[in-house]
Amino acid sequence: VIIGIDIGGTKIQQALFTENGKRIDTLVFSTQVRQGSERAINKIIENTSLLLEKYKLKPINIASINIGAPGPVNSRTGVILQPPNLPTWRNVPLKKILEEKFNCKVNLDNDANVAALGELHFGAGKNCHSLVYITISTGVGGGIIINRKLYRGWNNVAGEVGHFTIDPSGPRCSCGQIGCLETFISGPNLVKSLKEKLKYNEDEVFEKVMGKKSEDFSAKDILDAAGRGSRLANETLEVAVKYLALGISIINYIVNPEKFILGGGVIQNEKAEKLLIQPTVEKLGEICHFKTFSTPVVKARLGKDSVIWGTYVLGKSE
């Protein structure tokens, strides 16, 4: 069997696959970032043992354990370095810990890289030779596929599209840099932006839609409110669209893939196609004057499962 693990800023998902790609079972639990990495790793070990026990398997039956984790990570050493969206995780040697516990091969990579593999083999990129996957969720990341192979770069940081500076006068990012793409389009930053607007402006539609949640809302709520006509919610998304289009145009000039695939929690919302993806394509047509932008920009077909299916591919390819 192959075990896949998707470590996110909010939750961790574990799946059990047969070697021929059938997903047998899935377990999900809260990351609880504030409690640090030790608790989460103990839970991963516990769940792995539970899955083995449930299907009358032993560690010797594990072909590999494969992990997608927020970057930056060192895929060669299997160490989770200093992910901005897992602030209590620092230089965590997860590969070594799990190899010693289960005596099997362990592969670890950036979650966006792993999601790109999932979409390449099972999702929206099945017929592509090159693509760029962008995840918009708690954070923003990317995975680059060239000639149907993952491109990691010489130092394993290729594809970190959330952390290039897109506006030098922008806000400080959780990574420490100024004006990163993530500061304009990630879920928490969309919320932060709208909360700032609400301090100085009234929006009766938003307050009516949110009701008691008007003080505590999510990116999903912003999309819902925008779809119902909230002026401030729509203004917030317009800014996100502008910077997302700028980011894609820059990546396109450098990589020029066959397809851009957008995934992650923010994009999974049913209103994202109309309120984020379509406007981004329109904006790209406005700003790309050097040559008309024609690369398809599409929604991830696997949704929240892009990473977990990518862990299976990682296990078969490494």
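Scroll up a little and you will see the structure.
Colleague: Before we move on, could you go through the overall build of the protein chain and cite the residues and values that matter?
Modeller: Counting its secondary structure elements, the protein chain contains 11 helices and 12 strands. By the compact-globule yardstick of 20 Å for 318 residues, the protein chain fits well, its C-alpha radius of gyration being 20 Å. The 318 residues of the protein chain split such that 53% are buried. For the protein chain, restricting intrachain contacts to residue pairs at least 6 apart in sequence, the fraction spanning at least 24 positions comes to 63%. Total accessible area on the protein chain stands at roughly 15000 Å², and carbon and sulfur atoms take up 50% of it. With 40 positive and 32 negative side-chain charges, the protein chain shows a spacing of 5 Å between the two charge centroids.

Colleague: Go over helix α10 (residues 272-287) with me, naming the residues and quoting the values.
Modeller: With 16 residues, α10 should cover 22 Å at 1.5 Å per step; its first-to-last C-alpha distance of 21 Å lies within 8% of that length. All of the buried residues in α10 are Ala272, Leu275, Leu276, Ile277, Thr280 and Leu284. At its buried positions, α10 is contacted by α7 (219-227), α8 (231-255), β11 (260-263), α9 (265-268) and β12 (297-299).

Colleague: Give a detailed account of the nonpolar core, specifying residues and quantitative values.
Modeller: Among the nonpolar cores identified, the biggest contains 42 residues, and Ile134, Ile185 and Ile248 are the most heavily contacted of them. With 10 residues, the single largest contributor to this core is α8. When residues no more than four places from it in sequence are discounted, the contact partners of Ile248 are Ile134, Phe260, Leu262, Thr280, Leu284, Phe293 and Val297. Within the second largest apolar cluster, 29 residues are counted, among which are Ile7, Ile41, Ile65 and Leu98.

Colleague: Explain the pattern of salt bridges to me, using residue names and the numbers behind them.
Modeller: Within the structure shown, the criterion is met by 12 salt bridges. The residue Asp224 makes a salt bridge to Lys271 at a minimum N-O spacing of 3.5 Å. Highlighted residues: Asp224 in helix α7 and Lys271 in the loop between α9 and α10, separated in sequence by 47 residues. When its relative accessible area of 12% is taken as the criterion, Asp224 is described as buried. Overall, the relative accessible area of 24% leaves Lys271 in the partly exposed class. In this structure, Lys304 engages Asp305 in a salt bridge whose closest nitrogen and oxygen atoms are separated by 3.7 Å.

Colleague: Could you give an account of a negative patch on the surface, with specific residues and numbers?
Modeller: Where like charges cluster on the molecular surface, the negative patch consists of Glu202, Glu204, Glu207, Glu215 and Asp216. Summarising the element assignment, Asp216 is placed in the loop between α6 (204-210) and α7.

Colleague: Pulling in residues and values, what's your account of the packing of helix α1 (residues 36-54) against helix α2 (residues 94-102)?
Modeller: Look at α1 against α2: their axes get within 11 Å of each other, and the N-to-C directions meet at 35 degrees. As α1 packs across α2, the resulting crossing turns out to be right-handed. Contacts between α1 and α2 pair Ile41, Ile44, Ile45, Thr48, Ser49 and Leu52 from the former with Leu94, Ile97, Leu98, Lys101 and Phe102 from the latter. Classifying every residue of the contact of α1 with α2 by side-chain character gives eight nonpolar, two polar and one charged.

Colleague: Could you give me a rundown of the side chain of Asp167, with the residues and numbers involved?
Modeller: Tracing the backbone shows Asp167 in the loop between β10 (149-151) and α4 (182-185). Buried charged residue Asp167 carries no salt bridge. Nearest counter-charge: Lys242, at 6.1 Å. Separated by 2.8 Å, the side chains of Asp167 and Tyr243 make a polar contact. In contact with Asp167, other than residues within four places in its own chain, are Ile178, Gly179, Phe184 and Tyr243.

Colleague: If you had to explain the packing of aromatic side chains to someone new, which residues and values would you point to?
Modeller: In total, this model carries six aromatic pairs according to the counting rule given. A centroid spacing of 5.0 Å and a plane angle of 80 degrees characterise the contact between Phe206 and Phe217, whose relative ring orientation is edge-to-face. Residue Phe206 is found in helix α6, and its partner Phe217 is found in the loop between α6 and α7; the two are separated by 11 residues along the sequence. For Lys195, the ring lying beneath its charged end belongs to Phe217, and the centroid distance is 5.7 Å.

Colleague: Help me get a handle on the sheet that holds strand β1 (residues 2-7), residues and values and all.
Modeller: To summarise the sheet geometry, strands pair through backbone hydrogen bonds and adopt either a parallel or an antiparallel arrangement. The strand order β3-β2-β1-β4-β7 describes an open sheet built from five strands, whose pairing is mixed. Either end of the sheet is taken by a strand with one partner, and the two such strands are β3 (23-30) and β7 (105-110). Neighbour-to-neighbour, the strand axes of the sheet open up by a mean angle of 15 degrees, direction not taken into account. Of the strand pairs in this sheet, strand β4 (residues 64-69) and β7 are connected by six bridges, and their pairing is parallel. Residue pairing for β7: Ile67 is matched across the bridge by Leu108. Against the sheet, helix α3 (residues 111-122) makes contact with β1, β4 and β7, and its axis sits at roughly 100 degrees relative to β7, the strand it touches most.

Colleague: Go over the sheet that holds β12, please, and point to the residues and values.
Modeller: Here we have five strands laid out as an open sheet, ordered β10-β9-β8-β11-β12, and mixed in their pairing. Every other strand in the sheet has two partners, leaving β10 and β12 as the edge strands with one partner each. Mean inter-strand twist for the sheet, computed between neighbouring axes without regard to direction, equals 30 degrees. Of the strands in this sheet, β8 (131-136), β9 (140-146), β10 and β11 are in contact with α3, which crosses β9 at around 50 degrees.

Reading the values: the criteria
- Residues numbered from 1 in each chain as written.
- Predicted model: local features only at pLDDT ≥ 70, side-chain atom pairs only at ≥ 80, totals over all residues.
- Heavy atoms only, no water.
- Helix = DSSP H or I, 4+ residues; strand = E, 2+ residues; numbered from the N terminus.
- Rg over C-alpha atoms; globule rule 2.2 N^0.38 Å.
- Buried < 20%, exposed > 50% of the residue type's maximum accessible area, 1.4 Å probe, protein only.
- Contact = heavy atoms within 4.5 Å.
- Areas by Shrake-Rupley, 256 points an atom, 1.4 Å probe, with all protein chains shown as cover.
- Lys, Arg positive; Asp, Glu negative; His and termini not counted.
- Charge placed at Lys NZ, Arg CZ, Asp CG, Glu CD.
- Expected span 1.5 Å × (residues − 1).
- Core = buried A, V, L, I, M, F, W, Y, C linked by side-chain atoms within 4.5 Å.
- Salt bridge = Lys/Arg side-chain N within 4 Å of Asp/Glu carboxyl O.
- Patch = residues over 30% accessible without salt bridge, like charges linked within 9 Å, V, L, I, M, F, W, Y side chains within 5 Å.
- Axes fitted to C-alpha atoms, helices over the stretch in contact; angles between N-to-C directions.
- Left-handed = near helix turned anticlockwise from the far one by under 90°.
- Nonpolar A, V, L, I, M, F, W, Y, C, P; charged D, E, K, R; others polar.
- Polar contact = N/O pair within 3.5 Å; in protein donor to acceptor, adjacent residues only side chain to side chain.
- Phe/Tyr/Trp six-rings, centres within 6.5 Å; stacked < 30°, edge-to-face > 60°.
- Lys NZ or Arg CZ within 6 Å of the ring centre and 35° of its normal.
- Pairing = 2+ DSSP bridges.

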